[in-house]
Amino acid sequence: MAKSDYPTPAMRKLRVYAFDPQAATLMETAQISHATIEIPWEARWEAPVTPGPTNEYLEVIDIDPASGQFYEPLDLNHPHVLAQDGLPPSEGDPRFHQQMVFAVAMKTIKVFERALGRRIFWADRKMTVNGRTTYKRVEKLRIYPHALREANAYYSPEKKALLFGYFKASLTDPGVNLPGGWVFTALSHDIIAHETTHAILDGLHRRYREPTSIDSLAFHEAFADIVALLMHFTLPEAVASQLSSRRGDLSERTWLSGLARQFGEATGRYAALREAIDDKKDGQPDPTRLSKLNEPHERGAVLVAAVFDAFVTIYQQRTGDLFRLAGLDGTHKALPNELVVRLTHEAVKTADHVLRMCIRALDYLPPVDVRFGEFLRAIITADTDLVPNDPLNYRLAMIQSFRRRGILPDKTLSLAPDSLLWQTPTGKLAALRLAVASTDRVGNVRLDLTPQYRRAKSYEQAEDNRLRIWQWLMECKGERSEWEQALGVFLVSESAAHVLGTLRPNRVGDAPAVEVHAVRSSRRSGPDGQDLRQLIVEVTQKREGYFDAQYQGQRNADGLERKEDGDFIFRGGATLIIDLRDGALRYVIRKRIDDEGRLEEHRRFLQVGSSGLAMTYRGARVDDNPFAMTHRGV
Ligand SMILES: [Zn+2]
């Protein structure tokens, strides 16, 4: 295209289905069935959008193996497409399907980048070169809108791709408005947001897809649902319509609280695939339910319900005065339009806030083996760092709704917000300072922290910093034992051999493999102009785990063992949060590698009966694609 003097547009507008094509045909939702997504126009330093669509982050590839078809890629820059904000929503035009997956995935990426204060990267590709394991950057996530002819959709960590399926709706199901019609998961706003979140989360915490506890896979599912659900509130027209028909009440089940409704109905569920508002008895959820659930989506649903409940509570707190001002008492029939507008504004703002609280918490989680209770601590700590005052008690709302569902952190006696904060380090670690500027002469480690706008450059910089931190840890200048204590890992082979015996050694030298697998910097702004700049470092280590606990004990006593013959891998490590304003270490969120209790828990989790839980997690069925929208046969 010829260069022009016309100013570059700020945003690219693309039309999508607000929920899914089914909503477009129902009376209740017909007027809110379409929405327009605005994604930032690529900056001067970014690659242009090319047919696919393909851009810096994504590559849509439309091959349909079931029918042997290849569909022409959509050109978003064609004047006819640009002139009408993208193709109009259509079930019959594959190019619209390409547009919809691209638009919703990009919107999800932007939601994360805004909350995290940095660019996101996809999980690296693991490769073996000359017998050594290395990791290679994955530039673009691939999206296949018509990958499978089945009622499912996946994020595939191996292919680094999102695979969307399509299927014929059940002929007999009365819940489906078009019996026997095709249902495309690539046209469901929820399913696209959910799968994209799996991919983003895998890029942030690549050990979270390992089945280490009953919470670990459930967390992935829950988080993907939380994002998809709260993103409903980025569609103000849909929110306004639901608030108007429900008299401003968000505590009832509506289109806004259900996930993937068309998919749910077309697969014979008579309802949304999943529902964020849980069953209650006398207004209270069952606090023992969580302890009875084993299936990842079901268990995750409890976490989703907790977050949604907190959202509803905060919304009620923010809007109580509006109802009183309008002189309404709950028995009213229709709301005045002006009130609907104000309530919509509050609901949209609250959802945005709660979603950001949840996403920011991702930086405050341990690098391995995450538990629901730790997510609560992460939310509270991350939010306190950015917003020290909490006059509207958002954090309390979050704690309460988690507690009502039996989600509690281990070893925490009190649930007061300040006792849920991660601990700040003491002793020598409290005195640690990073050299935060290139001219800084004080500090133990020198990093390159110049802001980088190009995504590739920013990745290279993170890789370079990762190496510098690793080297510094290996040298550890006379403070080794403090660091080992703080990180919960062992930096030299002598101490590792002494304590653990069965640590996996590095291939080259004697030192046990300590992996620094992320160094990320973030910049976030608080509501009162707070400027929070942080560096997040994840350090991990692995050792052999054996199903036979007695054998494990003997191996430990034998000293450093080089064979890699364990029954499973047991990992430990820590997330370090460093305040870049002064280089101080603020938190160390740790899972000790020598925690024998946790090792025993992991062992027991993997061994629960051959037909039970362990098979669900370890069997080929789930391992192939751990992030299916729904697990077949479960
Ligand atoms: Zn999933």
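Participant: Just to check I follow, could you spell out the coordination of the zinc ion for this structure?
Facilitator: Ideal geometry at a metal centre gives angles of 109.5 degrees when four donors are arranged tetrahedrally and 90 or 180 degrees when six donors are arranged octahedrally. Taken together, the protein ligands of the zinc ion are His194 (NE2), His198 (NE2) and Glu221 (OE), with distances of 2.1 Å. Positions of the donor residues of the zinc ion, expressed as sequence spacing, correspond to H-x3-H-x22-E. Within this pair, whereas His198 is found in helix H3 (residues 189-204), its partner Glu221 is found in helix H4 (residues 214-230), the two being separated by 23 residues in sequence. Each member of the pair His198 and Glu221 is classed as buried.

Participant: Would you mind showing me how to read the environment of Ala334 here?
Facilitator: Positionally, Ala334 belongs in the loop between helix H7 (296-325) and helix H8 (337-361). Here the alpha-carbon distance between Ala334 and Ser245, two residues 89 residues apart in the chain, equals 7.8 Å.

Participant: Explain the sheet that holds strand E16 (residues 568-579) here, please?
Facilitator: Strand-to-strand pairing in sheets goes through backbone hydrogen bonds, with the strands running parallel or antiparallel. Read across the sheet, four strands follow the order E14-E15-E16-E17 without closing on themselves; strand pairing throughout is antiparallel. Taken across any chain shown, the strands that pair with only one partner, and hence form the sheet edges, are strand E14 (514-525) and strand E17 (584-591). Geometrically, the sheet is characterised by an average inter-axis angle of 20° between neighbouring strands, direction not taken into account. Alignment of E14 against strand E15 (residues 531-545), held across eleven bridges, turns out to be antiparallel. Its bridge partner lying in E15, Val516 is registered against Val539.

Participant: Even after reading the chapter, I still don't get helix H2 (residues 94-116), so can you show me in this structure?
Facilitator: In an α-helix, one turn spans 3.6 residues; hence positions three or four apart end up facing the same way. With 23 residues, H2 extends 33 Å from end C-alpha to end C-alpha; this agrees with the ideal 33 Å at 1.5 Å per step. Counting buried positions along H2 gives 20 out of 23 residues, so the element sits mostly inside the fold. One side-chain oxygen of the residue at the start of H2 lies 2.9 Å from the amide nitrogen of Arg95, identifying that residue as Asp93. Downstream of H2 by a residue or two, Gly117 has a phi angle that is positive, lying close to 75°.

Definitions and cut-offs
- Residues numbered from 1 in each chain as written.
- Predicted model: local features only at pLDDT ≥ 70, side-chain atom pairs only at ≥ 80, totals over all residues.
- Heavy atoms only, no water.
- Donors = N, O, S within 2.8 Å, 3.2 Å for Na, K, Ca; no water.
- Helix = DSSP H or I, 4+ residues; strand = E, 2+ residues; numbered from the N terminus.
- Buried < 20%, exposed > 50% of the residue type's maximum accessible area, 1.4 Å probe, protein only.
- Pairing = 2+ DSSP bridges.
- Axes fitted to C-alpha atoms, helices over the stretch in contact; angles between N-to-C directions.
- Expected span 1.5 Å × (residues − 1).
- Polar contact = N/O pair within 3.5 Å; in protein donor to acceptor, adjacent residues only side chain to side chain.

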